[in-house]
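The chain contents come next:
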Amino acid sequence: MQSMEPIVVTSTILTPLFRIRSLMLLDMEGNQIQGELPGDGFANFSKLVYLDLKNNRFNGSIPSQLFHLRYLRYLDISGNSFHGILSGEVGSLQNLRVLKLEEIFFGGNIPKEIGNMTKLQKLCLRSNKFFGEIPSSFLYLKGLEELDLRDNLLSMNIPIFIGNLSNITILALSNNRLTGRIPSSIENLNKLETLQLENNLLSGEIPSCLFTINGMKHLSLGGNHLTWNSNAKIEPKCMLSELSLKSCGLTGEIPYWISKQKTLEVLDLSENKLEGMFPQWLVEMEVGSIILSDNSLTGSLPPLLFNSQNLSVLSLSQNNFFGELPNNIGNATSLIVLMLAENNFSGMVPQSISNIYTLLLLDLSSNRFFGNLPDFSSNEVLGFIDFSSNEFSGEIPTNFHQEIKLLALGKNKFTGRFPRNLTNMSKLEHLDIHDNKITGELPEIISQISTLQVLNLRNTTLQGSIPNGIFNLSSLQILDLSNNHLVGNISPKFGNFAGMIETSNEFSSLPDFVTISIELHYLKVIWKKSKQSLSSRNLQLYSLLDLSMNKLFGEIPASLGKLKDLKLLNISHNILSGKVPISLGNLESLESLDLSHNKLSGLIPQSLTKLQELSVLDVSNNELTGKIPIGGQMDTMNDPNFFANNSGLCGMQIQVSCAEELSPTELSKDESKETLFLWEGAGIGYSFGFFIVVGILYHIGYFVPKPLPNHRSQRIRQSV
């Protein structure tokens, strides 16, 4: 039975309520109401005390009448689509105790008039676009118990007066642009239970006084430029349930004082320089979420770790752990996320791991596991699997549940034909089998995986032509068929990929109940010697098509110019002929275009000057002629390697004058001698899996410009 679409109603549904002038409480949360708030109607609610309109579809601006409900004590309009700035009139609500304006995307400064609301106890402005400093008028909010300004664009220092708000229990300022040191005045907040400062630009030493606040339970400081004083003697007076010191410069072994935190549920010490083995005392604490990725920890994993019924998240990627996984790993039956990538684990994956029916994400990539994979067909919630870059063998496994969304098996030793029963995975969005030995052709039934957004079959020895069925995958944003033995034309139907015309923002992520921030995959782009990283959170912004290193022939279809959201187009190292289509100038998002090592002829189209995002253009090793276009980004394409070995290109980018620009004297010199140029050609390619890498691979080529043919020289002399 299909789920019904929510019924959307307009704000006129509120009209009958406006007649109830004695109304004191109005709760319309989550009713899909859309439209503007009727200001005149709310003016009738002169006795209203409680107003909850969150999670609807209200838009426009907040009517001023709302700010004149003088008896109002509770106001929550979060999760709507209001726009503009928050009016200073909000300060007129001087009886308000709770103000929640979350996920509305207000911009501008936080109104200083909020400081007039001296009875305020909870102020939540999370997930907006407020910028500037935290208003100094907040000094007057003496009764404030909760201040949540997370996920904005706030800058400047954390004000020292924060330490005077003595009733604060929750101070959440994470994911902003705050700078400076953590003010020592925070130690005056004796009632503080939650301090969230992660992902800002804070610097300086972490104050040890934070651990002397008796009631502190949640302390998150990671993702800043803070430093840890390893010589400081930490004797916490608090009993933490959550501790995040991600990228805080911790060195040596995992600090032993953490072992005294008997109520610890979440521990994040990732991106530090920790060494040593996984401590036995941490095993015995039975922490729910342990995130120690990107350190230098070593040794094997203690089997007792997996006897814990509390363990839900274990992230140990990018360390130096080794050995086989414990056979009892399947005893961790509450595990939701298991990430062991980029270590030195080896051996076969224990069959018991398939007994963890709660497992949602499993990443064992970049180790030395071998053999066959366990049967995961009964793991109904297992949606994200990365086994890439190991030594698994046999046929491409398909023993996964049909609900799987991401399957990365690239760079192993799998063999055989493309498995037809992959089409049973009706929710699959990301399929990566690159660098395996798949024999035969890509079957037409690939079209049945209609949800695919990423398909990577690079270097899999595929043969035959590109099947027509692939063009039914309209959601594809990333398609890599490079380095195979594909033949035939590039079909005009390539221009019909809707996902490359307008990129989606619907890549799957972990569900809301997984509160730990985890990157599922990265897109690393290397343009020349600079690196740009894109994580799973913004993968939807990236779209690329790579058909390079095959045996494709014929002309480049003009329809490729319709793929306006494409960032990278690589069709190099084929046997393509004809002219470069003018329509490629319509690829407004294109950053890299590689047409090298083909048999393209004619001019480089002037339309390429419209590509304002273009940073790499490689047309080397073709039969192109004429003047390289000037204007726009084309003026920055001054690496001669990318134009090498053509029939007669000229232009200021390669410092070769065009014939029509030469004076008679220069022309005479040009004809009388042969100049030797040594040019290094370059090819552009990329590889990607669950972790995607895009790079430029350099090749070497030589170009010796030919002297002008005699008949052409004569014509030029006559015209001169």
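Source: prediction; values computed, not measured.

### Regarding the overall build of the chain
Across its full length, the chain holds 5 helices and 53 strands. Evaluated residue by residue, the chain yields a buried proportion of 55% over its 720 residues. Long-range contacts, defined as pairs at least 24 residues apart, comprise 50% of the intrachain contacts of the chain with a sequence gap of at least 6. With an accessible surface of roughly 31,300 Å², the chain has 48% of that area assigned to carbon and sulfur atoms.

### A closer look at the sheet that holds strand β26 (residues 320-323)
Whether parallel or antiparallel, the strands of a sheet pair through hydrogen bonds between backbone atoms. Ordered in space as β24-β26-β28-β30-β32-β34-β36, the 7 strands form an open sheet in which the pairing is parallel. Two strands in the sheet have a free side with no partner beyond their single neighbour: β24 (298-299) and β36 (437-439). By the bridge criterion, 2 bridges tie strand β28 (residues 344-347) to strand β30 (residues 368-371) in an arrangement that is parallel. For Gly347, the partnering residue across the bridge sits in β30 and is Phe369.

### With respect to the pattern of salt bridges
Summed over the entire model, instances satisfying the criterion amount to 12 salt bridges. Lys54 is paired through a salt bridge with Glu29; the nearest N and O atoms lie 3.3 Å apart. Here Lys54 is found in the loop between β4 (50-52) and β5 (57-60), whereas its partner Glu29 is found in the loop between β2 (25-27) and β3 (33-36), with 25 residues between them in sequence. The partly exposed category is assigned to Glu29, whose relative accessible area is 37%. One continuous salt-bridge network, built from bridges that share partners, spans Glu29, Asp52, Lys54 and Asp76.

### Quick look at the state of the cysteines
What the rule picks out here adds up to 1 disulfide. With its sulfur 2.0 Å from that of its partner, Cys650 forms a disulfide with Cys658. Here the disulfide of Cys650 and Cys658 is right-handed, its torsion about the S-S bond being about 100°. For Cys650, a relative accessible area of 9% corresponds to the buried category.

### Topic: unusual backbone geometry
The backbone phi angle of Gln32 is positive, close to 60°, even though this residue is not glycine. Summarising the element assignment, Gln32 is placed in the loop between β2 and β3. With a phi angle near 60°, Asn199 is a residue other than glycine that sits in the positive phi range. Here Asn199 shows up in the loop between β15 (194-196) and β16 (201-205). Exposure remark for Asn199: the relative accessible area of 35% places this residue in the partly exposed category.

### As for a nonpolar patch on the surface
On the surface, a cluster of nonpolar side chains totalling about 230 Å² of accessible area is made up of Val487, Phe553 and Ile575. Structurally, Ile575 can be placed in strand β46 (residues 575-578). For Ile575, a relative accessible area of 37% puts it in the partly exposed group.

### Quick word on the side chain of Asp618
By secondary structure assignment, the location of Asp618 is in strand β49 (residues 616-618). Within polar-contact distance, the side chain of Asp618 engages the side chain of Ser620 at 2.8 Å.

### With respect to the sheet that holds strand β38 (residues 463-465)
Strand order in the open sheet formed by 7 strands is β38-β40-β44-β46-β48-β50-β51, and the pairing between neighbours is parallel. In this open sheet, the two strands that pair with only one neighbour each are β38 and β51 (648-650). When strand polarity is set aside, the average angle formed by the axes of neighbouring strands in this sheet is 20°.

### What to know about the environment of Asn343
You can see Asn343 is positioned in the loop between β27 (337-339) and β28. Taking the C-alpha atoms as reference, Asn343 lies 9.7 Å from Gly323; in sequence the two are 20 residues apart. Residues within four places of Asn343 in sequence aside, it is in contact with Leu316, Ser317, Gln318, Asn319, Asn320, Phe321, Ser366 and Asn367. Within the structure, Asn343 has its side chain in polar contact with the backbone oxygen of Leu340 (distance 3.1 Å). For Asn343, the side chain forms a polar contact with the main-chain oxygen of Ala341, separated by 3.1 Å.

### Things to note about the pairing of β28
As defined by bridge partners, β26 adjoins β28 across 2 bridges and the pair is classed as parallel. Paired with Phe322 across the strands is Asn344, a residue of β28.

### Things to note about the confidence of the model for the chain
In the predicted model, the chain carries a mean pLDDT of 86, and the fraction of residues at 70 or more is 85%. Of the regions scoring below 50 in pLDDT, residues 521-535 engages in 50 contacts with residues more than four places distant in sequence or in other chains. Note that pLDDT drops below 50 for residues 662-720; the model gives that stretch 134 contacts with residues more than four away or on any other chain.

### Quick look at the environment of Phe211
Structurally, the position occupied by Phe211 is in the loop between β16 and β17 (218-220). Its relative accessible area of 2% is what places Phe211 among the buried residues. Contact partners of Phe211, with chain neighbours within four places excluded, come to Leu219, Trp228, Ile234, Pro236, Lys237, Cys238, Leu243 and Trp257.

### Considerations on the environment of Ser208
Position of Ser208 among the secondary structure elements: in the loop between β16 and β17. Among the residues examined, Ser208 registers a relative accessible area of 40% and is labelled partly exposed. For the pair formed by Ser208 and Asn229, sequence separation is 21 residues and the distance between their alpha carbons is 8.8 Å.

### Quick notes on the packing of aromatic side chains
Here the distance between the centres and the angle between the planes together describe a pair of aromatic rings. For the structure on display, the rule yields 18 aromatic pairs. Taking the centre distance of 5.1 Å and the plane angle of 70° together, the rings of Phe211 and Trp257 count as edge-to-face. Residue Phe211 is found in the loop between β16 and β17, and its partner Trp257 is found in the loop between β20 (251-252) and β21 (266-268); the two are separated by 46 residues along the sequence. The residues Phe211 and Trp257 share a single accessibility class, namely buried. Consider the rings of Trp228 and Trp257, whose centres lie 6.0 Å apart with planes at 20°: the pair is stacked. You can see Trp228 sitting in the loop between β18 (225-227) and β19 (242-244) and its partner Trp257 sitting in the loop between β20 and β21, a full 29 residues away along the chain. Using a relative accessible area of 11% as the deciding quantity, one classes Trp257 as buried. Taken together, the ring pairs connect Phe321, Phe345, Phe369, Phe376, Phe387, Phe392 and Phe400 into an aromatic cluster.

### Structural notes on the side chain of Ser317
Take Ser317: it is sitting in the loop between β25 (313-315) and β26. Those residues in contact with Ser317 that lie beyond four places of it in its chain are Ser293, Asp294, Met339, Leu340, Ala341 and Asn343.

Basis of the calculations
Throughout, residues of each chain are indexed from 1 in the direction in which the sequence is written. Totals for whole chains, interfaces and linings use all residues, but because this is a predicted model, local features are given only for residues with pLDDT of at least 70 and pairs of side-chain atoms are given and counted only at 80 or more. The side-chain quantities take in all heavy atoms of the structure and omit both hydrogens and water. By the criteria applied, helices consist of DSSP H or I runs no shorter than four residues and strands consist of E runs no shorter than two, each listed in order from the N terminus. Burial classification: accessible surface area is computed with a 1.4 Å probe over protein chains only, and a residue below 20% of its type maximum counts as buried, one above 50% as exposed, and the rest as partly exposed. The criterion used for residue contact is that any of the two residues' heavy atoms lie within 4.5 Å. Here the accessible surface of atoms and residues is derived via Shrake-Rupley with a 1.4 Å probe, and residues count as covered only by protein chains that are part of the display. Following DSSP output, two strands are said to pair if at least two bridges run between them. Salt bridges are defined by distance alone: a side-chain nitrogen of Lys or Arg within 4 Å of a carboxyl oxygen of Asp or Glu. Put simply, a disulfide is two cysteine sulfurs that come within 2.5 Å. Patches here are clusters of residues that have more than 30% relative accessible area and form no salt bridge, with a 9 Å joining cutoff for like charges and a 5 Å cutoff for nonpolar side chains (Val, Leu, Ile, Met, Phe, Trp, Tyr). A 3.5 Å cut-off defines polar contacts: any pair of N or O atoms within that distance qualifies, except that in protein one atom must be a possible hydrogen donor and the other a possible acceptor, and neighbouring residues in sequence count only when both atoms are side-chain atoms. To obtain an axis, a line is fitted to C-alpha atoms, over the contacting stretch when the element is a helix, and the angle between two such axes runs from 0 to 180 degrees between their N-to-C directions. Per residue, pLDDT captures the predictor's confidence, and it can take any value from 0 to 100. Aromatic contacts are taken between Phe, Tyr and Trp rings whose centres are within 6.5 Å, Trp giving its six-membered ring; a plane angle under 30 degrees counts as stacked, one over 60 as edge-to-face, and the others as tilted.

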